[in-house]
Amino acid sequence: MSASDIKKYAFITGATGVIGGEFARAFAERGENLFLTGRDVRKLHDLKADFSERYPSVDIKFCAADLADGESRKKLYKEAEGLIFSTLVNAAGADIQKPFSEYDEEKLTFQIRACFESAVSVCNFVIANRAEKLQIINVSSICGLQPMPNFAVYAASKGALTQFSVALWREYKGKGVNVTAVLPGSVYTRPDVVEYIRSMGFWARRAAKSPRYVVEKSIKAVRKNKKTKIIGALNATVCFFMKFLPASVKLAVIERRWRGSVKDAF
Ligand SMILES: NC(=O)c1ccc[n+]([C@@H]2O[C@H](COP(=O)([O-])OP(=O)(O)OC[C@H]3O[C@@H](n4cnc5c(N)ncnc54)[C@H](OP(=O)(O)O)[C@@H]3O)[C@@H](O)[C@H]2O)c1
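Residues numbered from 1 in each chain as written. Predicted model: local features only at pLDDT ≥ 70, side-chain atom pairs only at ≥ 80, totals over all residues.

Caption draft 1: Quick peek at the packing of helix α4 (residues 105-128) against helix α5 (residues 152-171). Between α4 and α5, whose axes approach to 9 Å, the crossing angle comes to 10°. Considering their axes alone, α4 and α5 lie roughly parallel with respect to each other. Residues Leu108, Gln111, Ile112, Cys115, Phe116, Ala119, Val120 and Cys123 of α4 form the contact with α5, whose participating residues are Val153, Tyr154, Ser157, Lys158, Ala160, Leu161, Phe164 and Leu168. Along the lines of polarity and charge, the residues of the contact of α4 with α5 split into 13 nonpolar, two polar and one charged. (Axes fitted to C-alpha atoms, helices over the stretch in contact; angles between N-to-C directions. Helix = DSSP H or I, 4+ residues; strand = E, 2+ residues; numbered from the N terminus. Parallel < 35°, antiparallel > 145°, perpendicular 65-115°, else oblique. Contact = placed C-beta atoms within 7 Å. Nonpolar A, V, L, I, M, F, W, Y, C, P; charged D, E, K, R; others polar.)

So, in structure tokens, the structure goes:
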């Protein structure tokens, strides 16, 4: 059997979420077989039923798992054993946003593991089971470019994910593995996020993007093996000029801007 005859899969975490679901749809449209995961088994069933009808030539497998839990990850990897992967999208994450004083131990470890540890672990598994060529998209955030008071745990976890991805990019350069950390700003996703974007004013609404836009830009970026990709020209411009502001000014502005704003859907 030649390398091109081997069945290859796109491994997508957070497939039950808005952005992960959009990635799954985009790869199914391109004829890629899917291995989907999320915590909600019912949503995974529904996704499989929907995609099987729309894309009958695509093989769809799924396994529910809590990626914040090491034992659950082991079961997931057992389920995926024997498959070969040509794509990985780490879209799982938890955008919990609140002052640090409002966290308990459980919430803290959950968020850090869901946003960072899980992606690193899945990268390790998928790289060990890769096809001749592999593309990895790690869905990070522009929040990871800057320490964010009142959104500190999310920003630090996404910052770690971006750094990790860039290091991986260099380690695997020229070895058939493309790695891109994708940095969206606000994306119109869950109803609470849409509501939040609407409440943030004109420029925030201008900068916000649709999940489809994020997915198409991400796929383009990983094909070109870009280390990082900030999604949207306005976001990229703001991030560029932010570099020239003194850190104390940025921290004060962010602390004030995010004070009193709480998001906790997990
Ligand atoms: N929306 C935005 O504005 C925005 C902006 C920048 C970056 N991002 C990032 O984009 C990614 C997707 O966001 P989204 O807006 O599509 O969010 P979402 O709809 O809330 O989806 C989050 C996904 O992560 C999964 N997940 C969370 N914790 C998990 C865990 N412990 N184990 C396994 N799966 C877990 C959820 O699974 P279940 O639903 O099955 O629990 C869901 O599939 C996240 O990493 C987020 O940080 C989002």
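Caption draft 2: Local environment of the sheet that holds strand β6 (residues 177-183). The strand order across the open sheet formed by seven strands is β3-β2-β1-β4-β5-β6-β7, and the pairing between neighbours is parallel. Where the open sheet ends on each side, the last strands, each with one partner, are β3 (60-64) and β7 (228-230). For this sheet, the mean angle separating the axes of adjacent strands, direction not counted, is 15°. Strand contacts of α4: β1 (8-13), β4 (84-90), β5 (130-139) and β6, with the helix running at about 170° to β4, the strand carrying the most contacts. (Pairing = 2+ DSSP bridges.)

Caption draft 3: Quick peek at the site of the ligand. The environment of the ligand is made up of 27 residues, and the closest members are Gly14, Gly17, Gly38, Gly93 and Thr189. For the shell around the ligand, the element with the most residues is helix α1 (residues 18-29), which contributes three residues. Class assignment for the residues of the shell around the ligand results in twelve nonpolar, nine polar and six charged. (Near = placed C-beta within 6 Å.)

Caption draft 4: Local environment of unusual backbone geometry. The residue Asn150 is not glycine, and still its phi comes out positive at about 75°. Along the chain, the position of Asn150 falls in the loop between β5 and α5. You will see that Asn225, though not glycine, has its phi angle at about 55°, which is positive. One can find Asn225 in the loop between α8 (211-223) and β7. Taking the C-beta count within 10 Å as the criterion, Asn225 has 15 such neighbours and is therefore assigned partly exposed. (Buried ≥ 20, exposed ≤ 12 C-beta atoms within 10 Å, placed from the backbone.)

Caption draft 5: Quick peek at the nonpolar core. Counting 62 residues, the largest nonpolar core has Phe11, Ile12, Ala24, Leu34, Leu36 and Leu88 as its most contacted members. Per element, the largest residue contribution to this core is seven residues, and it comes from α4. Not counting the four nearest positions on each side in its chain, Leu34 is found in contact with Tyr9, Ala10, Ile12, Ala24, Phe27, Ala28, Val58 and Ile60. (Core = buried A, V, L, I, M, F, W, Y, C linked by C-beta atoms within 7 Å.)

Caption draft 6: Geometry of the pairing of β3. Of the pairings in the sheet, the one linking strand β2 (residues 33-38) to β3 comprises five bridges and is parallel in character. Directly across from Leu36, in β3, lies its bridge partner Phe62. For the crossover that starts at β2, traverses helix α2 (residues 41-54) and ends in the parallel β3, the hand is right-handed. (Right-handed = clockwise from strand over helix to strand, strands pointing away.)

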